[in-house]
Amino acid sequence: MMRHQPDIQLKTSAQLAKMREAGLVVAAALAAMREAVRPGISTADLDAIAEKVIRDAGAIPSFKGYQGFPASICASVNEQIVHGIPSARQVLAEGDLISIDCGAILDGWHGDSAITVGVGEVATELTRMAAVAEDSMWAGIAAAARGVRSGRGRLTDISYAIQASVRGEKSALVGRVTGARRRYGIVDGYGGHGIGTEMHQDPHILNHGRPGKGPFLVPGMALAIEPMITMGSPRTLELRDGWTVVSVDGSYAAHVEHSIGLYEDGVWVFTAEDGGRERLGDLVTASATA
């Protein structure tokens, strides 16, 4: 196994192809849960669906038992941003917004992805926020693709692209007192990460920052790009369960994620069924169709 820069694991083409297989397992689990989301279903029900899909594929849930986490998915509802623990008591209701984070290990390689889904009829401002989060993720992935192609890209180019995409939008939430529109909050501290033979590896990828900093983006890197935004404050609070992270002001949140591999000619989005082709076009490596 080659390494570039301290603690950044570089993968061979064959190893990146293995990560694509793990990513497709995660994609299938998330697709099954997206289909199942409706009023009346519990987050524990969604967890059971994910675990079955993962194990039926011959894979292992990445999250279950990870540092003591008790479930196969993180299910974060409304003001919960990340790391929500599934529960039979948490039953989804009309108008809720749920972020589902899922990971799988296949042949020793990890896939990791997250989606945000509305439950039934959801307020327009919430569906818009989820779309803004997803657009910012794809902006970050595109920045990675352009950076590795040019040979000049740096890690924080991804961070800056996410930030610029989010900052280009104003929330549809109208202030009750001033009537002023507020910017989305880009969650402090949390972000993406390297991924490979472990779920979380270096480097940490913030969702904000100046471009042109940090390690160069080089072929063989595998990264999880992971924006998290809120309708209000970017500040967070961890609940007493030691896992669930919520917005300090109770504002609703959106969290999305894809795992990608970097190649000389672009990227491969391991956890997207089409490899990222619909959103990225020719920024997707030719290896994705090999």
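Residue numbering note: each chain is counted from 1, following its sequence as written. Totals for whole chains, interfaces and linings use every residue, but because this is a predicted model, local features are given only for residues with pLDDT of at least 70 and side-chain atom pairs only at 80 or more, for both listing and counting. Heavy atoms from the whole structure form the basis of all side-chain values; hydrogens and water molecules are not counted.

Quick notes on the overall build of the protein chain
We count it as follows: Segments assigned H or I by DSSP are reported as helices when at least four residues long, segments assigned E as strands when at least two residues long, and all are numbered from the N terminus. C-alpha atoms define the radius of gyration, and 2.2 Å times the number of residues to the power 0.38 defines the globule rule. Partly exposed describes any residue whose relative accessible area lies between the buried limit of under 20% and the exposed limit of over 50%, with all areas from a 1.4 Å probe on protein chains only and scaled to the type maximum. Whether two residues are in contact is decided by their heavy atoms: any pair within 4.5 Å suffices. Only the protein chains shown count as covering a residue, and every accessible area follows the Shrake-Rupley method with a 1.4 Å probe. Positive: Lys, Arg. Negative: Asp, Glu. His and the chain ends are not part of the count. A single reference atom marks each charge: NZ on Lys, CZ on Arg, CG on Asp, CD on Glu.
Within the protein chain one finds 5 helices and 17 strands. In summary, the protein chain has a C-alpha radius of gyration of 18 Å against a globular reference of 19 Å for 290 residues, a match within 12%. By its C-alpha atoms, the protein chain is 50 × 45 × 35 Å across when sized along the principal axes. In the protein chain, which comprises 290 residues, the proportion classed as buried is 54%. When contacts within the protein chain are restricted to residue pairs at least 6 apart in sequence, those whose partners lie at least 24 apart make up 67%. Surface accessibility of the protein chain: about 12300 Å² in total, with carbon and sulfur atoms responsible for 50%. Taking the average location of the 27 positive side-chain charges in the protein chain and that of its 33 negative ones, the two points are 6 Å from each other.

Here we look at the pairing of strand S5 (residues 109-118)
Both faces of the sheet carry side chains from a regular strand, because those side chains alternate between them. As a reminder, the rule being used: Two strands are said to pair when DSSP picks up at least two bridges between them.
Extensive coverage of S5 is indicated by the burial of 9 of its 10 residues. Summarising the sheet, strand S4 (residues 97-106) and S5 pair through 10 bridges and their orientation is antiparallel. Bridge pairing links Leu97 to Gly118 in S5.

Details of the packing of helix H3 (residues 124-150) against helix H4 (residues 155-167)
Inclusion rule: Here, axes are lines fitted to C-alpha atoms. For helices the fit covers the stretch in contact, and angles between N-to-C directions go from 0 to 180 degrees. These descriptions rest on fixed angle ranges, namely under 35 degrees for roughly parallel, over 145 for roughly antiparallel, 65 to 115 for roughly perpendicular, and the rest for oblique. By the definition used in this description, the sense in which the near helix is turned from the far one sets the handedness, with an anticlockwise turn below a right angle giving left-handed and a clockwise turn giving right-handed.
Axis separation between H3 and H4 bottoms out at 8 Å; the angle between their running directions is 150°. It follows that H3 is roughly antiparallel to H4 by the angle criterion. The handedness of the crossing between H3 and H4 comes out as right-handed. Contact with H3, carried on its side by Val132, Asp135, Ser136, Ala139, Gly140, Ala143 and Ala144, involves Asp157, Ile158, Ala161, Ile162, Ser165 and Val166 of H4 and no other residues of that element.

Focus: the confidence of the model for the protein chain
When pLDDT drops low, the exact placement of atoms in the prediction is not to be read closely. Inclusion rule: In predicted models, pLDDT denotes the confidence assigned by the predictor to each residue on a 0 to 100 scale.
The predicted model of the protein chain averages 94 in pLDDT, with 93% of residues at 70 or higher. Contacts for the low-pLDDT stretch residues 172-180, under 50 throughout, to residues beyond four places or in other chains number 11 contacts.

Side note on the environment of Ala164
Here Ala164 shows up in helix H4. C-alpha of Ala164 to C-alpha of Gly266: the two residues are 102 residues apart in sequence and 21 Å apart in space.

Things to note about the side chain of Ser76
The following threshold applies: Pairs of N or O atoms are called polar contacts if they sit within 3.5 Å, as long as, within protein, a hydrogen donor faces a hydrogen acceptor (for residues adjacent in sequence, only side-chain-to-side-chain pairs).
Inspection of the secondary structure puts Ser76 in strand S2 (residues 73-77). For Ser76, the side chain forms a polar contact with the main-chain nitrogen of His83, separated by 3.4 Å. Sequence-distant contacts of Ser76, that is, excluding residues within four places in its chain, are made with Ile81, Val82, His83, Gly84, Leu97, Ile98 and Ser99.

Some details on the packing of aromatic side chains
Operational definition: By convention, a stacked pair of Phe, Tyr or Trp rings (six-membered ring in the case of Trp) has centres within 6.5 Å and planes under 30 degrees apart, an edge-to-face pair has planes over 60 apart, and any other such pair is tilted. By definition here, charges over rings are those cases where NZ of Lys or CZ of Arg is within 6 Å of the ring centre and within 35 degrees of the ring normal.
Taken as a whole and judged by the stated rule, the model has 3 aromatic pairs. Here the aromatic rings of Phe69 and Trp243 are separated by 5.0 Å at their centres, their planes lie at 80°, and the arrangement is edge-to-face. Here Phe69, found in the loop between strand S1 (60-61) and S2, pairs with Trp243, found in the loop between strand S13 (236-238) and strand S14 (245-247); they are 174 residues apart in sequence, far enough to count as distant. One aromatic cluster is present, formed by Tyr263, Trp268 and Phe270 through successive ring pairs. The ring of Phe216 has Arg154 lying over it, and the distance from NZ or CZ to the ring centre is 4.2 Å.

Re unusual backbone geometry
Residue Asp202 is joined to Pro203 through a cis peptide bond whose omega torsion reads 5°. Despite not being glycine, His83 shows a phi value in the positive range, around 65°. As for its placement among the helices and strands, His83 is situated in the loop between strand S3 (80-82) and S4. Positioned with a positive phi, Asp107 is a non-glycine residue whose angle comes to about 55°. Looking at where Asp107 falls in the secondary structure, it is placed in the loop between S4 and S5.

Looking at the packing of helix H1 (residues 13-36) against helix H2 (residues 43-56)
The following threshold applies: In this classification, the charged set is Asp, Glu, Lys and Arg, the nonpolar set is Ala, Val, Leu, Ile, Met, Phe, Trp, Tyr, Cys and Pro, and all remaining amino acids, among them Gly, are polar.
Running from N to C, H1 and H2 point in directions that differ by 145°, and their axes come no closer than 9 Å. Handedness of the H1/H2 crossing: right-handed. Contacts from Val25, Ala28, Ala29, Ala32, Met33 and Ala36 in H1 reach Leu46, Ile49, Ala50, Val53 and Ile54 in H2. Of the residues in the contact of H1 with H2, the class split is 11 nonpolar, no polar and no charged.

As for the sheet that holds strand S10 (residues 201-206)
Taken in spatial order, the 5 strands make up an open sheet running S10-S9-S11-S16-S17, and their pairing is antiparallel. A strand with exactly one partner marks an edge of an open sheet, and here the two such strands are S10 and strand S17 (266-269). Across this sheet, the average inter-strand angle for adjacent strands is 25°, counted without regard to direction. In the sheet, strand S9 (residues 191-194) pairs with S10 via 4 bridges, with the strands oriented antiparallel. Along S10, the bridge assignment pairs Gly192 with Ile205. Most of the contacts of H3 go to S17, to which it runs at about 140°, and overall it touches strand S11 (222-225), strand S16 (258-263) and S17. Each of S10 and S11 is contacted by H4, which is oriented at about 35° to S10, the strand it contacts most.

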